[in-house]
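Observations on chain architecture
Listed here are the chains, written in short residue letters.
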Amino acid sequence: MAQQFIQQLTVFLKGGQNIVVPFNAEKPEVLNPQIDAFVKALGTADQKDKNFLFQGARVVLVRLADVSAIDVVSLVRKEEEKKEEKAEGAA
């Protein structure tokens, strides 16, 4: 059974809008490097007037001053191996 770890970042903006960005992760308990860098940028006072660019399959640009909160949810996608069923013919 194959497992894929996904971290879903929700950015809540001061204007009331929400941005949801999914990321692949190696482990559910370790933040994706882009999410980790975003959290650090939010906590740095000299970064507040700057923008943060998320890159990947979906490119998202967020102005750090507009962020009111964030939420990160770790998800596990499990794929089961498909079993081939043999159809028995009637004699």
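The structure under discussion appears in the preceding block.
Residues numbered from 1 in each chain as written. Predicted model: local features only at pLDDT ≥ 70, side-chain atom pairs only at ≥ 80, totals over all residues. Heavy atoms only, no water.

Quick look at the overall build of the chain
- Of the regular secondary structure elements, the chain holds one helix and five strands.
- Scanning the chain from its N terminus toward the C terminus, one meets helices and strands in the order β-β-α-β-β-β.
- By residue count, 23% of the 91 residues in the chain fall in the buried class.
- Looking at the chain alone, contacts between residues at least 24 apart form 53% of all its contacts between residues at least 6 apart.
- With the model as given, the accessible surface of the chain reaches about 7,000 Å², and the carbon-plus-sulfur share is 48%. (Helix = DSSP H or I, 4+ residues; strand = E, 2+ residues; numbered from the N terminus. Buried < 20%, exposed > 50% of the residue type's maximum accessible area, 1.4 Å probe, protein only. Contact = heavy atoms within 4.5 Å. Areas by Shrake-Rupley, 256 points an atom, 1.4 Å probe, with all protein chains shown as cover.)

Remarks on helix α1 (residues 33–42)
- Here α1 has its buried residues at I35, F38 and A41. Axial view of α1: buried residues confined to an arc of 125 degrees, hence all on one face. Relative to its buried face, α1 has exposed residues pointing more than 90 degrees away, namely P33 and K40.
- Turning to α1, the residues buried within the fold contact β1 (2–13), β2 (18–25), β3 (51–54), β4 (60–63) and β5 (67–79).
- With a side-chain oxygen lying 2.8 Å from the backbone nitrogen of Q34, the N-terminal cap of α1 falls on N32. (Arc of directions from axis to C-beta. Polar contact = N/O pair within 3.5 Å; in protein donor to acceptor, adjacent residues only side chain to side chain.)

Here's the deal with the environment of V60
- Here V60 is to be found in strand β4.
- For V60, a relative accessible area of 7% corresponds to the buried category.
- Taking the C-alpha atoms as reference points, V60 and V20, separated by 40 residues in sequence, lie 9.7 Å from one another.
- Among residues more than four places away in sequence, those in contact with V60 are I19, V21, F52, L53 and F54.

What to know about the pairing of β3
- The side-chain alternation of β3 yields one buried face, formed by F52 and F54, and one unburied face, formed by N51 and L53.
- One ladder, built from four bridges, connects β3 with β4; its direction is antiparallel. Looking across to β4, one finds that L53 is bridged to L61.
- Following β3, the chain reverses through five residues before pairing antiparallel with β4; G56 in that reversal takes a positive phi of roughly 155 degrees. (Pairing = 2+ DSSP bridges.)

Considerations on the pattern of salt bridges
- Evaluated as defined, the whole model comprises two salt bridges.
- The partner of K40 in a salt bridge is D36, and the shortest N-O contact between them spans 3.3 Å. With K40 and D36 both in helix α1, this residue pair falls four residues apart, about one helical turn.
- Take K40: its relative accessible area is 54%, and that puts it in the exposed class.
- By relative accessible area, which is 28% here, D36 ends up partly exposed.
- In this structure, the salt-bridge partner of D66 is R63, at a minimum N-O distance of 4.0 Å.
- Residue classification places R63 among the partly exposed residues on the basis of a relative accessible area of 41%. (Salt bridge = Lys/Arg side-chain N within 4 Å of Asp/Glu carboxyl O.)

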